[in-house]
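# Observations on the model geometry
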Amino acid sequence: MAENNEFIREVDEDYRRDRILQIWKRYSGVIIALAVLLVVGVAATRYWQNQQRVAAEAASVQFDEANRLARDGKVAEADKVFDALEVQGPAGYRLLARFRSAAEAGKRDAEAGAKEFDTLAGDTGLGDGLRDLARLRAALLRLDSANPDPALANLQGLAAGTPFRHTAREMLGLAALKKGDFEEAGRWFDQLVADPETPRNLRERIEVYAALVAGGPVTVTEAKPEVAAPPPPITR
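A few points on the structure. This is a predicted model, so every value here is computed, not measured.

## Quick look at the packing of helix α7 (residues 165–179) against helix α8 (residues 182–194)
At a minimum axis separation of 7 Å, α7 and α8 run at an interaxial angle of 160 degrees. Of the possible angle classes, the one that applies to α7 and α8 is roughly antiparallel. Relative to α8, α7 is oriented so that their crossing is left-handed. Contact residues: His166, Arg169, Glu170, Leu172, Gly173, Leu174, Ala176, Leu177 and Lys179 in α7; Phe182, Glu184, Ala185, Trp188, Phe189, Gln191 and Leu192 in α8. Within the contact of α7 with α8, the residues separate by chemical class into nine nonpolar, three polar and four charged.

Below you can see the structure in the form of structure tokens.
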């Protein structure tokens, strides 16, 4: 019985070897080609990853340089670096450069910066969060313009459940305070109080805002000049 089992194993092994040889003779070219493609693919992937790393490091240096130039007041030079990054940099740095360029433009000309943020807000290639951030930045730049109504409308849209609702509600409340509409201001500040996700530092500011709302409008009365007392008599 043991001899029969040993014989069966040997026959089975011979059969497997023959099958492997047949497969190799038939598909050796394909197997070699696949192996070569695998090696080339791994090498190409590593090369691409290395190139991406090098490009990211170079873009990081450029971005820091642009920020330094902007801080030093070298606006034109900073703009050139930001523009170059927007065209040639890796995707992440292109986006950073666009936002920073819009912010720098807003420091010089609020409407020009707001328009750059409008362009970002209308870019359907960006995620909703980034587009909302661009809308917020554009609205903040226009709040002090001659016609702040469009900015206020954008802020009201952002105040309805977006990640930037806290900033939007705070700005809307402050804008209402500026207009003297204490009731409207109170409603926006109440929403911040009721929102469990309102940041702690903002809650501390709300206490100050709430005190202003509770105080209501300040009535300024014209001060009347007091009648001057007569001079003392001259004694000799």
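## Things to note about the side chain of Thr198
Note on placement: Thr198 falls in the loop between α8 and α9 (200–215). The exposure class of Thr198 is buried, given its relative accessible area of 6%. A distance of 3.1 Å separates the side chain of Thr198 from the backbone oxygen of Asp195, its partner in a polar contact. If sequence neighbours within four positions are ignored, Thr198 has contacts with His166, Leu192, Arg203 and Ile206.

## Observations regarding the packing of aromatic side chains
A full pass over the atoms with the stated rule returns two aromatic pairs. Centroid distance Phe99 to Phe117: 6.1 Å. Interplanar angle 55 degrees. Geometry classified as tilted. Pair noted here: Phe99 is in helix α3 (residues 91–108) and Phe117 is in helix α4 (residues 110–121), with a separation of 18 residues, a long-range link. Residues Phe99 and Phe117 agree in their burial class; the two are buried. The interplanar angle of 25 degrees and the centroid separation of 4.9 Å between the aromatic rings of Phe189 and Tyr209 together place this pair among those described as stacked. With Phe189 in helix α8 and Tyr209 in helix α9, this pair connects stretches of sequence that are 20 residues apart. One exposure class covers both Phe189 and Tyr209, and it is buried.

## What to know about the environment of Glu184
Assignment of secondary structure puts Glu184 in helix α8. The sequence separation of Glu184 and Gly173 amounts to 11 residues, and the corresponding C-alpha distance is 7.1 Å.

## Observations regarding helix α6 (residues 149–158)
Listing the buried residues of α6 in full gives Ala151, Leu152, Leu155 and Leu158. All buried residues of α6 lie within an arc of 120 degrees about the axis, which places them on one face of the element. Of the surrounding elements, those touching the buried residues of α6 are α5 (128–142) and α7.

Criteria and cut-off values
- Just so you know, the residues in each chain are numbered from 1, in the order the chain's sequence is written.
- Residue-level local features of this predicted model are given only where pLDDT is at least 70; pairs of side-chain atoms are given and counted only at 80 or more, and the full residue set underlies all totals for whole chains, interfaces and linings.
- The basis for the side-chain values is all heavy atoms of the structure; hydrogens and waters are excluded.
- Helix axes use the C-alpha atoms of the stretch in contact, all axes being lines fitted to C-alpha atoms, and the angles between their N-to-C directions lie in the range 0 to 180 degrees.
- Counting from the N terminus, the helices are the DSSP runs of H or I reaching at least four residues and the strands are the DSSP runs of E reaching at least two.
- Angles are sorted into four bins: roughly parallel if under 35 degrees, roughly antiparallel if over 145, roughly perpendicular if 65 to 115, and oblique for all others.
- Handedness of a crossing is defined here by the sense of rotation of the near helix relative to the far one, left-handed for an anticlockwise turn of less than a right angle and right-handed for a clockwise turn.
- In what follows, residue pairs with any heavy atoms lying within 4.5 Å of each other are defined as contacts.
- Think of it as three bins: nonpolar holds Ala, Val, Leu, Ile, Met, Phe, Trp, Tyr, Cys and Pro, charged holds Asp, Glu, Lys and Arg, and polar takes everything else, Gly as well.
- We call a residue buried when its accessible area falls under 20% of the maximum for its residue type, exposed when it is over 50%, and partly exposed in between, using a 1.4 Å probe and counting protein chains only.
- Polar contact is the term for a pair of N or O atoms within 3.5 Å; when the atoms are in protein, one must be able to donate a hydrogen and the other to accept it, and sequence-neighboring residues count only if both atoms are side-chain atoms.
- Centre distance within 6.5 Å is the pairing criterion for rings of Phe, Tyr and Trp, where only the six-membered ring of Trp is used; planes under 30 degrees apart are then read as stacked, over 60 as edge-to-face, and the remainder as tilted.
- Along the arc lie the directions from the helix axis toward the C-beta atoms.

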